[in-house]
Amino acid sequence: MGVFIFVSLPFLSALAAGRTIKYQTFEEEAPSTVIGNLAKDLSLIPSASSKTSFRMMKQFNGSFIRLRESDGQLTIGERIDREKICKHTIQCLIAFDVVSVSKERFKLIHVEVEVKDINDHAPEFPRKESTLEISENTALGTRIPIDVAVDEDVGSNYIQSYQISVNSHFTIDVLSRADGVKYAELMLMKELDRETQALYVLELVAADGGQPSRTGTTKINVKVKDFNDNSPVFDRNSFSVDVPEDVPVGFLLLDLNAVDPDDGLNGEVVYAFGSQVPTEIQQLFKVDRKSGRLTLESPIDFESKATYEFDVQASDLGPNPSPSICKIVVQVQDVNDNAPEITITPMTSITAGVAHVTEVAAKDSFVALISTSDRDSSANGQVHCTLHGHDHFKLQQAYEDSYMIVTAALLDREKIAEYNLTIVAEDMGSPSFRTVAQYTIRLSDENDNAPVFSKNLYEVSLVENNAPGAYITTVVARDLDLGQNSKVSYKLVDTYIMGSPVSTFVSLDPATGSIYALRSFNYEVHKQLELRIQASDGGSPQLHGSATINLKIVDQNDNAPFITQPVLNNGSAVVLLPKDSPAGYVITQIHARDADEGVNAELSFKIFEGDTSMFSINRATGEIYLNQELNYEVIDNLRVSVTISDNGRPSLTTTATIQFSIIVGPLPSDRNIFRHKSDEKMQKWDFSIVIIVILAGSCTLLLLAIILIATTCNKCKGYSTLPGLGKEAVKPIMSWKGSSHTAISTRDPHFSGKDSGKGDSDFSDSDSDLSGNGLKTGEPQNNAQNGLWACTSECKILGHSDRCWSPSAARANDNSAHGQQLPSFTKTGSLPRDSLRRENNQAQIPKTVGLQSVYEKVLHREYDYLTIAPSPRAVTVQEMKDITISVCSPAIHCSTREV
């Protein structure tokens, strides 16, 4: 076997270059016969660092040649019969494409294997024996057609010569047809004489040029007939006709004409194909027996055969006719009657008609091979191919009529997962034919996207004192890849919180991203935890994404306040109190803290047990101060119990006992004297207080008129006394919490405040049976005058009288005419809110209709009641459970303060 190798220069760039390599082999070689080695012949010998493999693209005749993928060795797959695959073709090629793969780079190699002919066929005549009739008067040199031998081999193995057996009358002339077929014609070299010899037996031998040569033989029997003087004569001995392949059936090719000068039947000419014309010709063409018109019997196809050569003979109807021969050559002209054909062979394909390409393919990566063909010739068979659909792919010419689809840009499946491309193949004929093919390219997923959380930072809250296992939140990460590459799992990043692994505080479901608490959190210990979550996909190698969770612990009111100053011992503390401390003197300040925060740590102070007439506490600051000038002895022991409450829900409270140890000494210079500021109080008035004051002013005018009438009417009546208290009873008053004005109402026991108003009585009305009927005779006049100094609008609003009074016994260091003092007592509470409670008040205070609306408007307010009255004897007043008496003096304005 001889092998010829030819390598062409590349058509394309080095990245996806197309090369053509040619081999030669002979037909009928045994299977596994080596044809060539691509790696060696193209200098692509594999190395340890770069492994090269070869892959054959799918071809129509791929079973004849086999490819070894490791080194590209080509061998015979099955015996090749050249005459079957390349009949009547001088050059027989088996073409296919091979892709070399090295480091994920593809190179296209076009391989052409020429199958050389061997002399495996001998020349063969269509008939082993034939008979010819010839008139004895046939002219010398007359040519007589004989059968043409057939040899399926080509080239030098085809028929090279004809030989005829030795005789004295006939010889042969070897000729070649337009299609290259060699044939022989019998020529008369010597006159015949039927009477001398009526039959000649000749042997015709056809020999090819093979080594060794092969031959074919046929026997020709030549019968000599009696002559007919004249034979028909054609106008011309041969005709050549050019016929387009698209001419219709019945088309007139030639109008043959032969003339015979004989008369009668000897001069009547008929036409017919020569006896050696094959059946194929007789099926395609038709000769009219009488007219000699040569017409098309069946459609002709240039792509099947381009040239037809045959003989038409003309004979007369006389006895022993001698026919004349006219040679006809029909040249079929190509017409652009075939559209281009497109064959697409993908590099990688799972589904028919779909090419699969990885999304990480480099630019100019080979995707698919496009082969085009057109059965037409010349310009009609020249095909131009274009690609439409998307700029991410382009066409590169591989060789001749083959193209490669290659990537023109970087691909991303997450943006475009599938491309529908259109391949258009158009020939150069006129008019041109176009073929359109649709092709799909799908991108296979690669793990090129990391999981992404919906947020980079999650803000999550959890109320403290949660139960272990409590749900906190769920984080979600998405991965744009497919399949296993998009399967996300979660895990906690290993961090430490106060020296302990984060995994001891929370747990994370790796599948769902749900986070749960593993322990009960204490806001006072952990106010905030920072968790880092990592999401990983299932690709190889894995890609990761992360997010941060700020877990804020929400405070609960679970800590009671505790006192930091003064220092407590068994819940109590001793505070020194100078004996000469004035009213308003700040004795001490209670400092307290609450481990909670916000409203849960807002503290308020309150005295709940002790002498509240003597001591008060600032609710906000915890300062304890004197309500009045201290007049106790050093040996006296005073104490109060204080509660410190936070503002949580529910509120938590701490209790402490403050014992005051009275000492003799000067006041400390760092202590303050507590003073009221009316301007500041006025700023604290809300809108409802303003409405009440306006209504009170309006009602005062009405009360003045009622009181004047009542006073006039009561002058002639006896005095009325308060049951159980006598004439010196003191009517309680209210102090409005939060107001800078304090309502003071203290009546002279000799003055009657009962008016003549009608209607139901209420404790807030001016009608009252607690007063006397007027000034008693014998009472000191200065007492009456002293009782009128503190008249205010608040007294009138409360409905007492048009004259407000303060008993002289209420003044500091002032004794009454009888030398009696009322006892000191304090009661803090609120006005009765329902009729039942008002009915239970023993002091049936009459009701004034005009003040009822005022009373209803102030029901929502809180009131503090304070009664301080020096008295040498104890007096119990049952009617004053919800009312405190505020004592006024000329020097100090009467007020009850609670901050």
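Residues numbered from 1 in each chain as written. Predicted model: local features only at pLDDT ≥ 70, side-chain atom pairs only at ≥ 80, totals over all residues. Heavy atoms only, no water.

Colleague: Which residues make up the side chain of Asp594, and what values go with them?
Modeller: Here Asp594 lies in the loop between β47 (591-593) and β48 (603-610). Buried charge without a partner: Asp594 forms no salt bridge, and the closest opposite charge is Arg593, 8.9 Å away. From its side chain, Asp594 meets the backbone nitrogen of Asp596 in a polar contact 2.9 Å long. (Helix = DSSP H or I, 4+ residues; strand = E, 2+ residues; numbered from the N terminus. Buried < 20%, exposed > 50% of the residue type's maximum accessible area, 1.4 Å probe, protein only. Lys, Arg positive; Asp, Glu negative; His and termini not counted. Salt bridge = Lys/Arg side-chain N within 4 Å of Asp/Glu carboxyl O. Polar contact = N/O pair within 3.5 Å; in protein donor to acceptor, adjacent residues only side chain to side chain.)

Colleague: Tell me what's going on with the pattern of salt bridges, and back it up with residues and numbers.
Modeller: Using the criterion set out here, one finds 18 salt bridges in the structure. Across the pair Lys394 and Asp364 runs a salt bridge, and its minimum N-O distance is 3.3 Å. A residue pair is termed long-range when its members are at least 10 positions apart, and Lys394 in strand β29 (residues 393-399) and Asp364 in the loop between β26 (354-358) and β27 (366-373) qualify at 30 residues. With a shortest N-O distance of 2.9 Å, Arg413 and Glu414 are connected by a salt bridge. Through salt bridges with shared partners, a single ionic network connects Arg143, Asp173 and Glu185.

Colleague: Please give an account of the sheet that holds β27 that cites residues and values.
Modeller: Ordered in space as β25-β27-β30-β29, the 4 strands form an open sheet in which the pairing is antiparallel. Looking at the sheet topology across the chains shown, the edges are occupied by β25 (341-346) and β29. The sheet shows a mean angle of 25° between the axes of neighbouring strands, direction not considered. (Pairing = 2+ DSSP bridges. Axes fitted to C-alpha atoms, helices over the stretch in contact; angles between N-to-C directions.)

Colleague: Describe unusual backbone geometry, naming the residues involved and giving the relevant values.
Modeller: With an omega dihedral of 0°, the bond running from Gln211 to Pro212 counts as a cis peptide bond. With an omega of -5°, the peptide bond between Gln565 and Pro566 qualifies as cis. Of note, Pro566 is situated in the loop between β44 (562-565) and β45 (572-578). Of note, Ser32 is a non-glycine position whose phi angle comes to about 75°, a positive value. On the secondary structure map, Ser32 appears in the loop between β2 (18-26) and β3 (34-37).

Colleague: Just give me the short version of the packing of aromatic side chains, but keep the residues and values in it.
Modeller: To describe a pair of aromatic rings, one takes the distance between the centres and the angle between the planes. Counted according to the given criterion, the structure contains 11 aromatic pairs. Ring geometry for Phe170 versus Tyr200: centroids 5.6 Å apart, planes at 75°, classification edge-to-face. In this pair, Phe170 sits in strand β12 (residues 170-176) while Tyr200 sits in strand β14 (residues 199-208), placing the two residues 30 residues apart along the sequence. The class for Phe170 is buried, based on a relative accessible area of 4%. Among the aromatic residues, ring-to-ring pairing joins Phe273, Phe285, Tyr308 and Phe310 into one connected group. Directly above the aromatic system of Phe505 lies the positively charged group of Arg519, at a separation of 3.9 Å from the ring centroid. Lys527 extends its terminal NZ or CZ atom over the ring of Tyr523, reaching a point 5.0 Å from the ring centre. (Phe/Tyr/Trp six-rings, centres within 6.5 Å; stacked < 30°, edge-to-face > 60°. Lys NZ or Arg CZ within 6 Å of the ring centre and 35° of its normal.)

Colleague: Outline the state of the cysteines, listing residues and values.
Modeller: For the coordinates displayed, the defined rule picks out 1 disulfide. Here Cys86 engages in a disulfide with Cys92; their sulfurs sit 1.9 Å apart. Its S-S torsion of about 65° marks the bond between Cys86 and Cys92 as right-handed, since a negative value means left-handed. Under the relative-accessibility criterion, Cys92 is labelled buried at 0%. (Disulfide = S-S within 2.5 Å.)

Colleague: Tell me about the nonpolar core, residues and numbers included.
Modeller: By size, the foremost hydrophobic cluster in this structure holds 29 residues, and its most contacted members are Leu256, Phe273, Phe285, Leu294, Phe310 and Ile328. When residues no more than four places from it in sequence are discounted, the contact partners of Leu294 are Phe251, Leu252, Leu253, Leu254, Phe273, Phe285, Lys286, Val287, Phe310 and Ile328. Ranked by size, the runner-up nonpolar core spans 27 residues in total, among them Phe453, Ile472, Val475 and Ile553. (Core = buried A, V, L, I, M, F, W, Y, C linked by side-chain atoms within 4.5 Å. Contact = heavy atoms within 4.5 Å.)

Colleague: Give me the sheet that holds strand β10 (residues 143-145): which residues, what numbers.
Modeller: With antiparallel pairing, the 3 strands of this open sheet are ordered in space as β10-β13-β12. Two strands close off the open sheet at either side, each with one partner strand: β10 and β12. Here the strands of the sheet are splayed against their neighbours by 40° on average, with no regard to which way each runs. Of the strand pairs in this sheet, β12 and strand β13 (residues 182-188) are connected by 7 bridges, and their pairing is antiparallel. Looking across to β13, one finds that Asp173 is bridged to Glu185.

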